[in-house]
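Coordinate analysis (summary)
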Amino acid sequence: MSEKRVITAEDLYRLVWTCDPSVSPNGKRIAYVSKKVNPDRDGYHSHIRILERNSHVDIPFTSGEQDSNPLWSPDGSKLAFLRNKEGQRQIWTIAVNGGEAQVVTSAKHGVSGYQWSPDSTQLLYRSQVPSAKEESSIEQDVSNTSKSSPLKPLEEEIIDRLRYKADGGGRWNGRRSHLFVHTLGNMEATQLTMGDYDIGDFCWSPDGSQIAFTSSIAEEHSQDDLDLSLMNDVYVITNSGENRRKYTSSSTTIYSVCFSPDGHSLAVFGSDHSHLNATHAGLYIRSLDEDAAWKPLTKSYDIQLTNSMVSDMRSGIRSNGPVFSEDGHYLYALVTQEGGVHLAKIAVNGEGYEWVSHGKRDIYQFQLLKGGHFVLAAADLTHPGDLYELDPETGQENRLTQHNEELLNELIIATPEEFQIEASDGALLQGWIMKPAGTKRGDKIPTVLEIHGGPHAMYGYTFLHEFQLLVARGYAVIYTNPRGGHGYSQEFVSSVRGDYGGRDYQDLMEFTDYAVAHYDYIDEERLLVTGGSYGGFMTNWIVGHTNRFKAAVTQRSISNWISFYGVSDIGFFFTEDQIGGNVWDNTEVLWKHSPLAYVHKIETPLLILHGEEDLRCPIEQAEQLFNALKRLGKKTQFIRFPKANHDLSRGGHPSLRVKRLNHIVRWFDEHKDL
């Protein structure tokens, strides 16, 4: 066997991401998505594979370059999936015994989500409808087809809504997302919903007679300007789009919705915003009876539902909503807790919950099989992600895929060591440390403190390419969950609100103090720090408040809350919630928590990395920080990534992801010994 080598940034090009398991109705086959960087290294290829559950034979099933979202028809005769061709996704189907894939839909603006009808004769899907301006333009173009049309003049853009842009989506195009139903064999689909609102999540009732969906409809909402509200509602319509009924009171944010097996109840993930943006996602249920009320099932357990794990391996992977057991007595859901994400079984009658899965891992998707087994898509500290089958009764688990095994067998993969500290106020905090292979007694290793974004997110038992790369290049890595992160109590998560740069900063410094005192290979004279988004804010804050770090890299960061309020796609509500004010009444508060206010104190060499199309933390945040540092004569460098949004490190252009990683290592290499 050849000698193993260290991981490189370029190994990103060989990684395979496994997701979206879908189990056939007879339980014999599992369809799933296999995704990797394309041969040109300028994007990603994904295709559908079929895994025979008993024999473990695993073969490619579709040949498209961007196929995703596989779903079996309930009668088991077909597999549907989304195929992206020329920038638009349509629904395609293929017979389960093979053959040519056939396109089903021809939605003008593509399909963003779909479901089979229970009788397998129809496909319910969500698609954008043209704006009034587009319709007018189309009519004008048609009327001018017989004339020689001059070049169209430039037109101004009239904006009259607050939420007119979104990171990853750009400026709003005026279109609305609505539901359509397509009957197999027909040429055209029927639009079920229409109006000046968007459809969020949606699902069929078990008998196919009704459809539930989430939305914010102005005339039925408690807020006059819906852009000022984070709340939405659950509606139910007939399968012909009639008799719309509202089942919520515009007082909750609903993330996903599903029907019970008998069709008499609805279950949702939602947030009551009792702690605003920091509120734990909870599970609620209610019957469709007119006088029924929503019943919270998890509020008293102080847990965070859904997956809140930070990873650089899973951009764009859709999350599971709640799933009913076959008898309707339980709901299954992912729970983020203390560094792990696991599957929980929650009693519909409110009598508690129990863990279905165990161990130090990160489950990011699951599927329930008939008979009670589960297919899990899961990662751990040394594996990016694979499919597993779990028997919850015995706890026996079988690994079903191993797409990264060839690559991993070539590499030296570091296994993080978990540790816990007691903070100065008595709180117990969780962290991990990684060290280079071959570290010997007496060695002194330069060490990087990594800070996660959010802040309402969590580091934990998952694979992180960036951290493995730093270790491979000779650095120890400390990563932790300071106050503000998910996975712990509601008090823990919400404590950061109004205190950015306070207790969270203190936690990070106490983590660093603990690591230096307890791991003798850490070189206290060669500490480095980096983070992105909130982690970028905190990196900026740290270097403005201490000189203990030799160098820093700030990524997609916040430097000025005053300008962030007006330029970020979430600036107005996020700033008011997290910092505690607006720009006209609370300017001093916003400036007090802005790293830019302390830029004159920065002595640490600072590399600034930012995507030019980032609308979450717009690039002007980096520009302000860079300009101030240069004006003050400080050591800094600014790297702008073209056509990159806030998701660069997780799902951005592959070559830019690699360049970003190499720039981080290069900056630390250049400055760790100065």
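Note: the structure precedes this text.
Reference entry: report on the structure contained in this document. Every value quoted in this text rests on a predicted model; they were computed, and no experiment measured them. (Residues numbered from 1 in each chain as written. Predicted model: local features only at pLDDT ≥ 70, side-chain atom pairs only at ≥ 80, totals over all residues. Heavy atoms only, no water.)

**Observations regarding the overall build of the protein**
- Along the backbone of the protein there are 12 helices and 41 strands.
- Whereas a compact globule of 674 residues would reach a radius of gyration of roughly 26 Å, the protein reaches 26 Å, a difference of no more than 12%.
- Across its three principal axes, the protein shows a C-alpha extent of roughly 70 × 65 × 55 Å.
- For the protein, contacts bridging at least 24 residues in sequence account for 58% of all contacts bridging at least 6. (Helix = DSSP H or I, 4+ residues; strand = E, 2+ residues; numbered from the N terminus. Rg over C-alpha atoms; globule rule 2.2 N^0.38 Å. Contact = heavy atoms within 4.5 Å.)

**Section: the pattern of salt bridges**
- Going through the model one piece at a time under the given rule, you end up with 40 salt bridges.
- In this structure, Asp196 engages Arg176 in a salt bridge whose closest nitrogen and oxygen atoms are separated by 2.9 Å. Note that Asp196 is positioned in the loop between strand 15 (190-191) and strand 16 (199-204) and Arg176 in strand 14 (residues 176-183), a separation of 20 residues in sequence.
- Note that Asp669 is salt-bridged to Arg473, the shortest N-O span being 3.0 Å. Taken together, the positions of Asp669 in helix 12 (residues 654-671) and Arg473 in the loop between helix 3 (465-472) and strand 37 (476-480) put the pair 196 residues apart, joining distant regions of the chain. (Salt bridge = Lys/Arg side-chain N within 4 Å of Asp/Glu carboxyl O.)

**Notes on the nonpolar core**
- Counting 59 residues, the largest nonpolar core has Leu449, Ile522, Met538, Ile542 and Trp561 as the members making the most contacts within it.
- Not counting chain neighbours up to four residues away, the residues in contact with Ile522 comprise Ile433, Lys444, Ile445, Thr447, Ile478, Ala515, Val516 and Leu527.
- Membership of the second largest hydrophobic core comes to 45 residues, among which are Ala9, Ala414, Ala551 and Leu609. (Core = buried A, V, L, I, M, F, W, Y, C linked by side-chain atoms within 4.5 Å. Buried < 20%, exposed > 50% of the residue type's maximum accessible area, 1.4 Å probe, protein only.)

**Section: the pairing of strand 41 (residues 636-641)**
- Relative to strand 41, strand 40 (residues 606-611) runs parallel, the two sharing six bridges. Counterpart to Leu609 in the pairing with strand 41 is Ile639.
- Read from strand 40 through helix 10 (residues 620-631) to strand 41, the crossover connection turns out right-handed. (Pairing = 2+ DSSP bridges. Right-handed = clockwise from strand over helix to strand, strands pointing away.)

**Comments concerning the side chain of Asn307**
- Here Asn307 shows up in the loop between strand 24 (304-305) and strand 25 (323-324).
- Of note is the side chain of Asn307, whose polar atom sits 2.8 Å from the backbone nitrogen of Met309.
- Leave out the neighbours within four places in its chain, and Asn307 touches Arg314, Thr336, Val341, Asp362, Ile363 and Tyr364. (Polar contact = N/O pair within 3.5 Å; in protein donor to acceptor, adjacent residues only side chain to side chain.)

**Topic: the packing of aromatic side chains**
- Counted under the stated rule, the structure contains 31 aromatic pairs.
- Judged by centre distance (5.5 Å) and plane angle (20°), the ring pair of Phe213 and Tyr235 falls under stacked. Of this pair, Phe213 sits in strand 17 (residues 210-215) while Tyr235 sits in strand 18 (residues 233-238), placing them 22 residues apart in sequence.
- A relative accessible area of 0% means that Phe213 is categorised as buried. (Phe/Tyr/Trp six-rings, centres within 6.5 Å; stacked < 30°, edge-to-face > 60°.)

**A look at the pairing of strand 7 (residues 78-85)**
- Judged from the four bridges that link them, strand 6 (residues 67-72) and strand 7 form a sheet pairing that is antiparallel. Note on strand 7: the bridge partner recorded for Trp72 is Leu79.
- Counting the residues in the hairpin turn of strand 6 and strand 7 gives five residues, including Gly76, whose phi is positive at 80°.
- One ladder, built from eight bridges, connects strand 7 with strand 8 (residues 88-95); its direction is antiparallel. The residue of strand 8 that forms the bridge with Asn84 is Arg89.

**Examining the sheet that holds strand 9 (residues 102-103)**
- Taken in spatial order, the four strands of this open sheet run 6-7-8-9, and their pairing is antiparallel. Each having just a single partner strand, strand 6 and strand 9 make up the two edges of the open sheet.

**Description of helix 10**
- Under the 1.5 Å per step criterion, the end-to-end length of helix 10 is 16 Å for 12 residues, consistent within 8% with the ideal 16 Å.
- Looking at helix 10, one finds that the buried residues are Glu620, Gln621, Ala622, Leu625, Phe626, Ala628 and Leu629.
- Lining the buried residues of helix 10 we find helix 6 (534-543), strand 39 (551-555), helix 7 (561-567), strand 40 and strand 41.
- Just beyond helix 10, the residue with positive phi is Gly633, at close to 75°. (Expected span 1.5 Å × (residues − 1).)

**Looking at the sheet that holds strand 21 (residues 265-271)**
- Spatial ordering of the open sheet is given by 20-21-22-23, a layout of four strands whose pairing is antiparallel. Two strands close off the open sheet at either side, each with one partner strand: strand 20 (253-259) and strand 23 (295-296).
- Bridge analysis of strand 21 against strand 22 (residues 282-287) gives six bridges, and the strand direction is antiparallel. The residue bridging Gly270 from the neighbouring strand is Gly282, located in strand 22.

**Observations regarding the environment of Ser315**
- Take Ser315: it is sitting in the loop between strand 24 and strand 25.
- Here the alpha-carbon distance between Ser315 and Arg650, two residues 335 residues apart in the chain, equals 5.4 Å.

**A look at empty space enclosed by the protein**
- What the rule picks out here adds up to three cavities of 30 Å³ or more.
- In terms of lining, the largest cavity is formed by Gln555, Arg556, Leu609, His610, Gly611, Phe641, Asn645, His646, Leu648, Ser649 and Arg660.
- In terms of residue count, strand 40 provides more of the lining of the largest cavity than any other element does, three residues in total.
- In the lining of the largest cavity, the residues fall into three nonpolar, six polar and two charged.
- Within this model, the second largest cavity holds a volume of roughly 40 Å³.
- In this structure, the second largest cavity is lined by Leu12, Asp312, His465, Ser649, Arg657, Arg660 and Leu661. (1 Å grid on protein atoms, 1.4 Å probe; cavity = no way out; pocket = protein on both sides within 12 Å on 5 of 7 lines; lining within 4 Å. Points joined across faces, edges and corners; volume = space filled by probe spheres on them. Nonpolar A, V, L, I, M, F, W, Y, C, P; charged D, E, K, R; others polar.)

**So, the environment of Ile542**
- You can see Ile542 is positioned in helix 6.
- Apart from residues lying up to four places away in sequence, Ile542 is in contact with Leu449, Ile451, Tyr505, Leu508, Met509, Val529 and Phe549.

**Observations concerning the side chain of Arg49**
- Mapped onto the elements of the fold, Arg49 is located in strand 4 (residues 44-52).
- Assessed through its relative accessible area of 13%, Arg49 is described here as buried.
- A distance of 3.0 Å separates polar atoms of two side chains, one belonging to Arg49 and the other to Asp58.

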